Amino acid sequence: QNMLEELLIHKPDDPIEFMINHLKQNNDDAPRICVLGPPASGKTTVAMWLCKHFNAIRVSQETLLFKEVLMQTEEAKAYKERDQKIPNALWANLIQERLSNVDCIKQGWILEGFPENQEQAWMLQSSGIFPRHVVMLYAPDTVLLERSGGKRLDPLTQEVFHTTFDWPSDPLVQQRLVKPEGLSEQEVSKKLLEYHRNFPEIFHIYQKVLKSINADQPSVDVLSQVLAFVQTRHRSAAPFTPRILFFGPPGSGKSLQAALIAQKYNVVNICCGQLLKEAVADNTKLGELVKPYIDSGCPVPDNLVLRLLTERLSALDCLTNGWVLSGFPRDVGQGEQLQKAQINPN
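Model, not experiment: these values are computed from the prediction.

Description of helix H11 (residues 185-206)
Then step 1. The terminal C-alpha atoms of H11, which comprises 22 residues, lie 30 Å apart, in line with the 32 Å expected from a rise of 1.5 Å per residue.
Then step 2. Approximately 35° is the largest bend angle found in H11, and it occurs at Phe 199, with the proline Pro 200 only one to four residues beyond.
Then step 3. Among all positions of H11, only Val 188, Leu 192, Tyr 195, Asn 198, Ile 202 and Tyr 206 are buried.
Then step 4. Elements in contact with the buried residues of H11: strand S1 (32-36), helix H8 (118-126), strand S4 (133-138), helix H9 (141-149) and strand S7 (210-214).

Set out below in structure tokens:
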């Protein structure tokens, strides 16, 4: 699926060669993650932790301007030195060049703080840069303003610490820490205002691959929620017909859960006991064979139950919408017979 997506995005002149190169890279499981959020929400902490966990490459404003030697780095630095805003197109070009390097392709990347607005997002998309997961951190503005005042940066490792919430134990690190630029309350308030203005458009673009995570909780909880999300695989757009089997002891709620699943996902609910009663009530040929067992309270033979199930599960509504089955099989023998009848849940 990833290879087909890449083909459609890049439209190479030689698609066969392109697919061979894609398979050689074997990078379909490499992370492609954006970490977004307002100032002081913990983007750097999350991004650096993800990089360590996945052995991926972190890409941020700082790394692009001060750690990389890219074609347009000097041009971007010139804007920074003149205290001018770096154009969106220039940021997009820097990101595209960095993410096309071999290490990012092989190891994957964590893009921190980009895109900042709708135009940047569109430019990244037009360059063929599509994150698989977008982590959107959020917290009340009052919390963010309080955090920003105590934020400290280690210039050597680029790690972020806080005077109240996360102070390093190493005295050497403590001595190195500096207060980042642009962290006055007025400047942070201005950045927050701009973020809130741009956020809805970014959310709309990435809503299918985005998860909002509350950053106003212990960092361990934030990181565990982020990890749980970025390890999920998004459901394929390919047609899928669910075939669900419910097991459980008597009274565990199988039939209720099956009914709720059927209602939510518009699949056919098949309760084995109910199916037998319906066959008897409708006076079908199989129903006539089943009736004596129902009337006498004896178990219906497996071969009759299987014939009924096979007939019902072959109906058009089950083949089209899928099904959820409860009440059968009840033992290993019945399960093996179900397999032989080619009734396989997925």
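Additional details are given in the paragraphs that follow.
Here we look at the environment of Lys 106
Then step 1. Here Lys 106 is to be found in helix H7 (residues 102-107).
Then step 2. With 76 residues separating them in the primary sequence, Lys 106 and Ala 30 have C-alpha atoms 6.8 Å apart.

Description of the sheet that holds strand S10 (residues 323-326)
Then step 1. Across the sheet, 3 strands lie side by side as S8-S10-S9; this open sheet has parallel pairing. Two strands in the sheet have a free side with no partner beyond their single neighbour: strand S8 (243-246) and strand S9 (268-271). Taken over all neighbouring pairs, the strand axes of this sheet differ in orientation by 15° on average, direction set aside.
Then step 2. Bridge count between S9 and S10: 4 bridges; the pairing is parallel. Bridge pairing in S10 links Ile 270 to Leu 325.

What to know about unusual backbone geometry
Then step 1. The omega torsion across Phe 114 and Pro 115 is -5°, close enough to zero to call that bond cis.
Then step 2. As for its position among the elements, Pro 115 is in the loop between strand S3 (109-112) and H8.
Then step 3. Backbone torsion omega between Phe 328 and Pro 329 reads 0°, so that peptide bond is classified as cis.
Then step 4. Tracing the chain through its elements places Pro 329 in the loop between S10 and helix H18 (332-340).
Then step 5. The phi angle at Ala 40 is positive, at roughly 70°, despite the residue not being glycine.

Some words on the sheet that holds S3
Hydrogen bonds between backbone groups are what pair the strands of a sheet, and the pairing can be parallel or antiparallel.
Then step 1. With parallel pairing, 5 strands are arranged side by side in an open sheet as S2-S3-S1-S4-S7. With one partner strand each, in any of the chains shown, strand S2 (57-59) and S7 form the two edges of the open sheet. Neighbour-to-neighbour, the strand axes of the sheet open up by a mean angle of 20°, direction not taken into account.
Then step 2. Examined bridge by bridge, S1 and S4 share 4 bridges and lie parallel to one another. Within the sheet, the bridge partner assigned to Ile 33 lies in S4 and is His 133.

Observations regarding the pairing of S1
Then step 1. Buried residues dominate S1, accounting for 5 of its 5 residues.
Then step 2. Of the two faces of S1, the one holding Arg 32, Cys 34 and Leu 36 and the one holding Ile 33 and Val 35 are both buried throughout.
Then step 3. Relative to S3, S1 runs parallel, the two being bridged by 4 bridges. Along S3, the bridge assignment pairs Ile 33 with Ile 110.

A word on the domain arrangement of the chain
Then step 1. What the domain assignment reports for the chain is domain 1 (31-231) and domain 2 (243-341).
Then step 2. Here the C-alpha centre of domain 2 lies 53 Å away from the C-alpha centre of domain 1.

Describing the nonpolar core
Then step 1. Core analysis: the largest hydrophobic core is formed by 28 residues, its most contacted members being Leu 64, Ile 95 and Leu 111.
Then step 2. Breaking this core down by element, the ones donating at least two residues are S1, S2, helix H4 (61-67), helix H6 (88-99), S3, H8, S4 and H11.
Then step 3. With 5 residues, the single largest contributor to this core is H6.
Then step 4. Apart from residues lying up to four places away in sequence, Ile 95 is in contact with Leu 64, Leu 111, Phe 114, Leu 124 and Ile 129.

Looking at the packing of aromatic side chains
Then step 1. Counted according to the given criterion, the structure contains 3 aromatic pairs.
Then step 2. Arranged with centres 5.0 Å apart and planes meeting at 55°, the rings of Trp 91 and Phe 114 form a pair that is tilted. Placement of Trp 91 in helix H6 and of Phe 114 in the loop between S3 and H8 is noted, with a sequence separation of 23 residues between them.
Then step 3. With a relative accessible area of 4%, Trp 91 lands in the buried category.
Then step 4. The class for Phe 114 is buried, based on a relative accessible area of 1%.
Then step 5. Each ring, one from Phe 199 and one from Phe 203, has its centre 5.8 Å from the other, and the planes form 50°; the classification is tilted. Of this pair, Phe 199 and Phe 203 both sit in helix H11, 4 residues apart, roughly one helical turn.
Then step 6. Of the residues examined, Phe 203 reaches a relative accessible area of 31% and is grouped as partly exposed.
Then step 7. An aromatic cluster of at least three residues, connected via ring pairs, comprises Tyr 195, Phe 199 and Phe 203.
Then step 8. Over the face of the ring belonging to Tyr 79 we find Arg 82, whose NZ or CZ atom lies 5.0 Å from the ring centre.

Describing the pattern of salt bridges
Here the idea is simple: oppositely charged side chains can pair when their charged atoms come close.
Then step 1. Within the structure shown, the criterion is met by 5 salt bridges.
Then step 2. The partner of Glu 194 in a salt bridge is Lys 85, and the shortest N-O contact between them spans 3.4 Å. Here Lys 85 lies in the loop between helix H5 (73-81) and H6 and Glu 194 lies in helix H11, a separation of 109 residues in the sequence.
Then step 3. Here Asp 317 and Arg 312 are joined by a salt bridge, their closest N and O atoms 2.9 Å apart.
Then step 4. What makes Arg 312 partly exposed here is its relative accessible area of 25%.

Scoring rules and cut-offs
Residues numbered from 1 in each chain as written. Predicted model: local features only at pLDDT ≥ 70, side-chain atom pairs only at ≥ 80, totals over all residues. Heavy atoms only, no water. Helix = DSSP H or I, 4+ residues; strand = E, 2+ residues; numbered from the N terminus. Expected span 1.5 Å × (residues − 1). Bend = angle between axes of the 7 residues up to and from the residue. Buried < 20%, exposed > 50% of the residue type's maximum accessible area, 1.4 Å probe, protein only. Contact = heavy atoms within 4.5 Å. Pairing = 2+ DSSP bridges. Axes fitted to C-alpha atoms, helices over the stretch in contact; angles between N-to-C directions. Domains from an automatic or database assignment. Core = buried A, V, L, I, M, F, W, Y, C linked by side-chain atoms within 4.5 Å. Phe/Tyr/Trp six-rings, centres within 6.5 Å; stacked < 30°, edge-to-face > 60°. Lys NZ or Arg CZ within 6 Å of the ring centre and 35° of its normal. Salt bridge = Lys/Arg side-chain N within 4 Å of Asp/Glu carboxyl O.

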